[in-house]
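Residue strings, one per chain:
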4 protein chains.
Amino acid sequence: MTPPTTGLPAENTTDNNNDHLVQSDDPEHPANLIPSLCAKFWTLGWVTGTGGGASIRDDDLVYLAPSGVQKELMKPSDIYVLSLAAQAQSLSRRQRVYLRSPPVYKPSQCTPLFLAAFTKRNAGCCIHTHSHWAVLVTLILEQQGSKEFRINNIEQIKGFGKGFQKSGNLGYHDTLVIPVIENTAHEEDLTEFLEEAMDKYPDTYAVLVRRHGVYVWGDNVHKAKTQCESLDYLFQLAVEMKQLGLPWITDIEPTIPTRKE
Amino acid sequence: MTPPTTGLPAENTTDNNNDHLVQSDDPEHPANLIPSLCAKFWTLGWVTGTGGGASIRDDDLVYLAPSGVQKELMKPSDIYVLSLAAQAQSLSRRQRVYLRSPPVYKPSQCTPLFLAAFTKRNAGCCIHTHSHWAVLVTLILEQQGSKEFRINNIEQIKGFGKGFQKSGNLGYHDTLVIPVIENTAHEEDLTEFLEEAMDKYPDTYAVLVRRHGVYVWGDNVHKAKTQCESLDYLFQLAVEMKQLGLPWITDIEPTIPTRKE
Amino acid sequence: MTPPTTGLPAENTTDNNNDHLVQSDDPEHPANLIPSLCAKFWTLGWVTGTGGGASIRDDDLVYLAPSGVQKELMKPSDIYVLSLAAQAQSLSRRQRVYLRSPPVYKPSQCTPLFLAAFTKRNAGCCIHTHSHWAVLVTLILEQQGSKEFRINNIEQIKGFGKGFQKSGNLGYHDTLVIPVIENTAHEEDLTEFLEEAMDKYPDTYAVLVRRHGVYVWGDNVHKAKTQCESLDYLFQLAVEMKQLGLPWITDIEPTIPTRKE
Amino acid sequence: MTPPTTGLPAENTTDNNNDHLVQSDDPEHPANLIPSLCAKFWTLGWVTGTGGGASIRDDDLVYLAPSGVQKELMKPSDIYVLSLAAQAQSLSRRQRVYLRSPPVYKPSQCTPLFLAAFTKRNAGCCIHTHSHWAVLVTLILEQQGSKEFRINNIEQIKGFGKGFQKSGNLGYHDTLVIPVIENTAHEEDLTEFLEEAMDKYPDTYAVLVRRHGVYVWGDNVHKAKTQCESLDYLFQLAVEMKQLGLPWITDIEPTIPTRKE
């Protein structure tokens, strides 16, 4: 009867598994934050049925949720920890060396995609959702033969940073552009296409995956999470605009205020 | 003023009713898990107005919610317990022998349908929802004269096992097929049609019931619940795809990654 | 800064206001149950912006929420109590004599409508929602020039009783019929039309109010609440069926099971 | 790793920053109420991704949320406090003098818009949402070349006051009119257009901002919040009516009850 989320028996938590890396009283510690964020994301419909997930990087250490857990029930003891430096020295890109592993799980197939955000963009957090708004946007774009989600002149666009190593946020009249990559049979195989998209769109903080969902990152947890929320808001709006026959891109003349002082 | 969910007066909980079978401090005990799962399902709109339910099998023992309770208010003391072995020896398929019965309720009409999943598929948990996404899918299929829900090339399909006694999950390009049976005036009468559908679709983990809802099972609570979530996600997506004129089945050429190592 | 829901200062709760009528440690006491139900209804979108409400009858005593409170913040001390017998002896139908009144509120304009359910149908609870699904159904029916919501062959219909002083519930193939009355400028003025609808549809447990919402009652809290949930489910389904071009009434031949024993 | 919502280190809370202004055990104190209201608004989708916000005025003091915080995680120590009288004496409309500032934040760009509601309408509370229902309504109106949202003959309209310094609420047959102003690149620049709309529509309690959201105020927190809820309800209804081809304005003959006494 015991589901896989029941956690670790006490006798398995030996020190050579580095369990101290996921044990903290601080609710802001990554091992505590990932479960609480994922529980919140579950209520938003982003990580339904063990889909999706989140990873946090704290300097060299990367904290990862395991594969196949119910995201609203995850516990700190379920978390994998990996060293970016150690990983960089690994002979194989596909082999991962974990500092700490939960005994009853398998690593998530999302791991190399999260690592891409951390290594190529110095991100502090990366979120992967299966939000059906994201999936519907990719389906609408597929019908149009498009590999880019573009929207402009919506206030919420200001929720996104201008781009990697740039300061400030997008403006209201700026066009938010999110690349779409095609889904692959195995999630790990998405990595090279995600990295290609990052190279082609150096300032994007998100990549849509056709018929699958979206990866969103940010310099820290705050930015990754609020950019992910803003993006999901825009995806929902875009689907509803489509249903109402309203275009995503418009040419609006800026409203100029009278400067009184 | 007392609604039927107020529970048992202390004087009725005699030992010969085997009340110990539903008394445990372990939140993972089926008598505790069914109420907490049903409360969660209520917030998802799956068990509105006493509709739907869930049952858990622990080896020979089957735990069942009673008929007509408000699912978000259910208590461990409301749970029926039945022995599969004793049931198998019963002279009548329609008569049930309960090891433990709550004094103020009637058994659920879903009982024989849950038992079908336990006896024919060795399931550890079966969930029945009235999700309106499930109902809308059966209505859309009815208009098309179809008795099968089919969808492919959506990542969430990977949330389903390949089938009974098979290991591994469906792939992204696989087509998920869920049979639809016609509703009957009395829920118990669905049993033979559910069993027929199980025979005809030996690998399915779910059966849609036209204008009614869906039955979903799994080897354990974790699998039944996550498959039910994934399926509801796909039903919602399918209805929204229909509203946007997008087809559920597509012929997509697999994206082949460049194997770098 | 003090909003009207802050409640009663201690010096106002004198005995001659019968405050003991709303003071109980029992969560099932009407003065406790109305606030907890209304908080739940607020999360369902039924009582947005102080709209809607609920009333419970315990024998001769009727418990009523006041006018204009935020329904998710209501407290037992906010509740009015009225005697049905005393009210029947009142010279004026429009004047109400309260056994207990909260000092800072006005009685709800819904009061005479709740009383109609209690006196004409012996209901134990009546719920009034502004659910936008209910309102949309009345708008769709208005376009069709109809004063009746009719739906059949949906499992959730079985969530309704057969009618006043009848035992058992509607069947799957039965048609659920809910009358629609036109809205009036003042909510109290709905009373005579609600009573007319009750006379014309003696078995209904609900009356829709055009462009306004719905009144739903039941023999007790359990039945009123679950019938209200089932009805809201059906209203939502009906709106979505309309968007998909699916008819609310169909002629389906019953599926006859093979009786094996 | 520390997100900006982690709050103030104890050594920063010196008296000359007037931290006592945001420290109270009373849950109705503005510094406590703004975080609890914003957490509630987050669940309603009104303040997604740090968008939107709320401000409360208590006599001369104005309490404001900072820029860029996750609204469901806000704390009393995050709140700015400003004196209306001191602000009125400031030489520059664009420069704000805060009595109390949280050390790690920037003031919200919404500040001058909230101040407009407080100074021009004597409001006690002003709420700004990015609700996608509000945005969709402005998009639908844009297609019609309209700068006014108008709806009548819906019960929920009675949730609005008749207007500034008028007593009583709108009636069922009254037309609710909400002006729409065009969005500007910088939120502060909306102020003059908001004030113009207030002058042109002296009785409105809300102004829609095209492709952005809505500002709603009221004499106190209760009225601002319930008017904001009622308006969001009407925006959602309006979008759904549009999808169903139902008009927002109708000419309905009042239903006249038979006065029996």
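Nothing here was measured: the structure is a model prediction, and the numbers come from that model.

Peer 1: Tell me about the interface of chain A and chain B, and please be specific about residues and values.
Peer 2: Contacts between the two partners involve 40 residues from chain A, matched on the other side by 39 residues from chain B. Of the roughly 3,500 Å² buried at the junction of chain A and chain B (both faces included), carbon and sulfur atoms supply 57%. In this structure, Glu72 of chain A engages Lys225 of chain B in a salt bridge whose closest nitrogen and oxygen atoms are separated by 2.3 Å. Where chain A meets chain B, there are 19 residue pairs in polar contact (both at pLDDT 80 or more). Secondary-structure elements contributing two or more residues to the side of chain A that touches chain B are α4 (132-143), α5 (190-200) and α6 (221-243) of chain A. At 8 residues, the largest contribution of residues to the side of chain A that touches chain B is made by α4 of chain A. In terms of residue class, the side of chain A that touches chain B is made up of 14 nonpolar, 15 polar and 11 charged.

Peer 1: Pulling in residues and values, what's your account of the nonpolar core?
Peer 2: Counting residues in each nonpolar core, the largest one holds 334 residues, and the members touching the most others are Phe149 of chain A, Phe149 of chain B, Phe149 of chain C together with Phe149 of chain D. Setting aside anything within four residues of it in sequence, one finds Phe149 of chain B in contact with Val137, Leu141, Leu176, Val177, Ile178, Val180, Leu208, Leu234, Phe235, Ala238 and Trp248 of chain B.

Peer 1: Can you break down the sheet that holds strand β6 (residues 148-152) of chain A residue by residue, with the values?
Peer 2: Residues and elements named next belong to chain A. Spatially, β4-β3-β2-β1-β5-β9-β8-β7-β6 is the arrangement adopted by the 9 strands of the open sheet, whose pairing is mixed. Strand pairing shows two members of the sheet lacking a second neighbour, β4 (98-100) and β6, which therefore form its edges. In this sheet, neighbouring strand axes are inclined to one another by 25° on average, regardless of whether the strands run parallel or antiparallel. Relative to β4, strand β3 (residues 80-83) runs antiparallel, the two being bridged by 2 bridges. What sits directly across from Leu82, in β4, is Tyr98. The strands touched by α5 are β7 (175-181), β8 (206-209) and β9 (213-218); relative to β7, the strand with the most contacts, the crossing angle is about 155°.

Peer 1: So what's going on with the UniProt feature "active site" (unreviewed entry) in chain A? Which residues, and what values?
Peer 2: In the UniProt entry, the feature "active site" (unreviewed entry) is given for Glu155 of chain A. Here Glu155 of chain A is to be found in the loop between β6 and β7. Setting aside chain neighbours within four positions, we find Glu155 of chain A in contact with Tyr172 of chain A together with His130, Asn183, Glu187, Arg211 and His212 of chain D.

Peer 1: Let's hear about the relation of the copies chain A and chain D: which residues, and what values?
Peer 2: Aligned on chain D, chain A shows an RMSD of 0.0 Å; the corresponding rotation is 90° and the shift along the axis is 0.0 Å. These values place the two chain copies in the arrangement generated by a four-fold rotation axis. Among all residues of chain A, the minimum C-alpha distance to the rotation axis is found for Gln243 of chain A, at 5.6 Å. An overlap of only 3% is found between the interface residues of chain A and their copies at the interface of chain D, pointing to separate contact surfaces.

Peer 1: Tell me about the packing of helix α3 (residues 111-121) of chain D against helix α5 (residues 190-200) of chain D, residues and numbers included.
Peer 2: All names here are of chain D. It is the contact of α3 with α5, at a shortest axis distance of 9 Å, that shows an interaxial angle of 30°. On the basis of the axis angle, α3 is roughly parallel to α5. Remark: the crossing between α3 and α5 carries right-handed chirality. Contacts between α3 and α5 involve Pro112, Leu113, Ala116, Ala117, Lys120 and Arg121 from the first element and Leu190, Thr191, Leu194, Glu195, Met198 and Asp199 from the second. Partitioning the contact of α3 with α5 into residue classes produces 7 nonpolar, 1 polar and 4 charged.

Peer 1: Could you give an account of the packing of aromatic side chains, naming the residues involved and the relevant values?
Peer 2: Residues and elements named next belong to chain A. The full count for this structure, using the stated rule, is 20 aromatic pairs over all chains. Measuring from ring centre to ring centre gives 5.3 Å for Phe149 and Trp248, while their planes differ by 65°; the resulting arrangement is edge-to-face. Of this pair, Phe149 sits in strand β6 while Trp248 sits in the segment after α6, and the two are 99 residues apart along the sequence. Each member of the pair, Phe149 as well as Trp248, carries the same accessibility label: buried.

Peer 1: How would you explain the packing of helix α4 (residues 132-143) of chain C against helix α6 (residues 221-243) of chain D if you had to name every residue and give the values?
Peer 2: Contact pair α4 of chain C / α6 of chain D: the axes reach a minimum separation of 11 Å and the direction vectors enclose 40°. Judged on the interaxial angle alone, α6 of chain D and α4 of chain C are oblique. Crossing hand, α4 of chain C versus α6 of chain D: right-handed. Contacts between α4 of chain C and α6 of chain D involve His132, Trp133, Val135, Leu136 and Leu139 of chain C from the former and Tyr233, Gln236, Leu237, Glu240 and Met241 of chain D from the latter.

Peer 1: Now, about the interface of chain A and chain D: what can you tell me, with residues and values included?
Peer 2: If you look at the interface, chain A gives 39 residues, while chain D gives 41 residues. The junction of chain A with chain D conceals about 3,500 Å² of combined surface from both sides, 56% of it contributed by carbon and sulfur atoms. Scanning the region where chain A abuts chain D turns up 2 salt bridges. One salt bridge in this structure joins Glu72 of chain D and Lys40 of chain A, with 2.6 Å as the shortest N-O distance. There are 19 residue pairs in polar contact (both at pLDDT 80 or more) connecting chain A and chain D. Here the element with the most residues in the side of chain A that touches chain D is α6 of chain A; it accounts for 12 residues. Tallied by class, the residues present in the side of chain A that touches chain D amount to 14 nonpolar, 13 polar and 12 charged.

Peer 1: Tell me about the sheet that holds strand β7 (residues 175-181) of chain D, residues and numbers included.
Peer 2: Residues and elements named next belong to chain D. In spatial order, the strands read β4-β3-β2-β1-β5-β9-β8-β7-β6; together these 9 strands make up an open sheet with mixed pairing. Looking at strand neighbours, the two that pair on one side only are β4 (98-100) and β6 (148-152), the edges of this open sheet. In this sheet, neighbouring strand axes are inclined to one another by 25° on average, regardless of whether the strands run parallel or antiparallel. The sheet contact formed by strand β8 (residues 206-209) and strand β9 (residues 213-218) spans 4 bridges and is antiparallel.

Peer 1: Describe the pairing of strand β2 (residues 61-64) of chain A, naming the residues involved and giving the relevant values.
Peer 2: All names here are of chain A. Residues Leu61 and Tyr63 point to one face of β2 and Val62 and Leu64 to the other, with burial holding for every one of them. The pairing of strand β1 (residues 53-58) with β2 spans 4 bridges and is antiparallel. Counted as the bridge partner of Arg57 is Val62 from β2. The turn linking β1 back onto β2 is made up of 2 residues, and Asp59 within it adopts a positive phi angle of 60°. Strand direction decides the pairing type here: β2 and β3, joined by 4 bridges, are antiparallel. In the strand pairing of β3, Tyr63 is matched with Val81.

Peer 1: Could you give an account of helix α4 (residues 132-143) of chain D, naming the residues involved and the relevant values?
Peer 2: For α4 of chain D, built from 12 residues, the straight-helix expectation of 16 Å at 1.5 Å per residue is met to within 8% by its first-to-last C-alpha distance of 17 Å. In terms of residue burial, α4 of chain D counts as a mostly covered element, since 10 of its 12 residues are buried. The complete set of buried residues in α4 of chain D reads His132, Trp133, Ala134, Val135, Leu136, Val137, Thr138, Leu139, Ile140 and Leu141 of chain D. Those residues of α4 of chain D hidden inside the fold are in contact with α6 of chain A together with β6, β7, β8, β9 and α6 of chain D. Of the residues one or two after α4 of chain D, Gly145 of chain D is the one with positive phi, at around 65°.

Peer 1: Which residues make up the relation of the copies chain A and chain B, and what are the values?
Peer 2: For the pair chain A and chain B, the best superposition has an RMSD of 0.0 Å and corresponds to a rotation of 90° with a translation of 0.0 Å parallel to the axis. Here only 2% of the interface residues in chain A have copies in chain B that are interface residues too; the copies meet through unlike faces.

Peer 1: Quick one: what's the story with the pattern of salt bridges, residue by residue and with numbers?
Peer 2: Pairing between side chains of opposite charge can happen when the charged atoms of each approach one another. Per the stated rule, a full pass over the model turns up 52 salt bridges over all chains. Note that Lys147 of chain A and Glu182 of chain A form a salt bridge whose closest N and O atoms lie 2.6 Å from each other. With a gap of 35 residues between them, Lys147 of chain A in the loop between α4 and β6 and Glu182 of chain A in the loop between β7 and α5 connect regions that are remote in the sequence. For Lys147 of chain A, a relative accessible area of 47% translates into the label partly exposed. When its relative accessible area of 24% is taken as the criterion, Glu182 of chain A is described as partly exposed. Linking Asp19 of chain D and Arg100 of chain D is a salt bridge whose minimum nitrogen-to-oxygen distance equals 2.6 Å. Of this pair, Asp19 of chain D sits in the segment before α1 (30-43) while Arg100 of chain D sits in strand β4, placing them 81 residues apart in sequence. Each member of the pair, Asp19 of chain D as well as Arg100 of chain D, carries the same accessibility label: buried. When salt bridges with common partners are traced through the structure, they connect Lys40, Lys225 and Glu229 of chain A together with Glu72 of chain D into a single cluster.

What counts, and at which threshold
- Along each chain, residue indices are assigned from 1 in the same order as the chain's sequence is written.
- Chain letters start at A and ligand numbers start at 1, both assigned in the order the entries are written.
- Two thresholds apply to this predicted model, a pLDDT of at least 70 for residue-level local features and 80 or more for giving and counting side-chain atom pairs, whereas whole-chain, interface and lining totals are computed over all residues.
- Side-chain numbers here rest on the full set of heavy atoms in the structure, without hydrogens or water.
- Whether two residues are in contact is decided by their heavy atoms: any pair within 4.5 Å suffices.
- Once two parts are brought into contact, the accessible area they lose, counted with a 1.4 Å probe and summed over both, makes up the buried area.
- We count a salt bridge whenever a side-chain nitrogen from Lys or Arg sits within 4 Å of a carboxyl oxygen from Asp or Glu.
- Pairs of N or O atoms within 3.5 Å make up the polar contacts considered here, provided that, within protein, one atom can donate a hydrogen while the other can accept it, and that residues adjacent in sequence are counted only when both atoms are side-chain atoms.
- What counts as a helix is a DSSP run of H or I of at least four residues, what counts as a strand is a run of E of at least two, and both are numbered from the N terminus.
- As a working rule, the residues Ala, Val, Leu, Ile, Met, Phe, Trp, Tyr, Cys and Pro are called nonpolar, Asp, Glu, Lys and Arg charged, and the rest polar, with Gly in that last group.
- Within this scheme, the nonpolar core is defined by two criteria: the residues are buried Ala, Val, Leu, Ile, Met, Phe, Trp, Tyr or Cys, and they are joined through side-chain atoms within 4.5 Å.
- Note on classification: 1.4 Å probe, protein chains only; a residue is buried when its accessible area is under 20% of the maximum for its type, exposed when over 50%, partly exposed between these limits.
- Strands are labelled as partners when DSSP assigns at least two bridges between them.
- Note on method: axes are straight lines fitted to C-alpha atoms, helices fitted across the in-contact stretch only, with angles between N-to-C directions ranging 0 to 180 degrees.
- UniProt positions are given in the numbering used here, feature names are shortened, and annotations may be inferred rather than shown by experiment.
- The atoms used to superpose the copies are C-alpha atoms, taken from residues with pLDDT of at least 70 in both, and the fit is least squares.
- Working rule for angles: under 35 degrees goes down as roughly parallel, over 145 as roughly antiparallel, 65 to 115 as roughly perpendicular, anything else as oblique.
- Note on convention: the crossing is left-handed when the near helix lies turned anticlockwise from the far helix by less than a right angle, right-handed when the turn is clockwise.
- A pair of aromatic rings is counted whenever rings of Phe, Tyr or Trp (Trp by its six-membered ring) have centres within 6.5 Å, and the orientation is called stacked for planes under 30 degrees apart, edge-to-face for over 60 and tilted otherwise.
- One fewer than the residue count of a helix, multiplied by 1.5 Å, yields its expected span.

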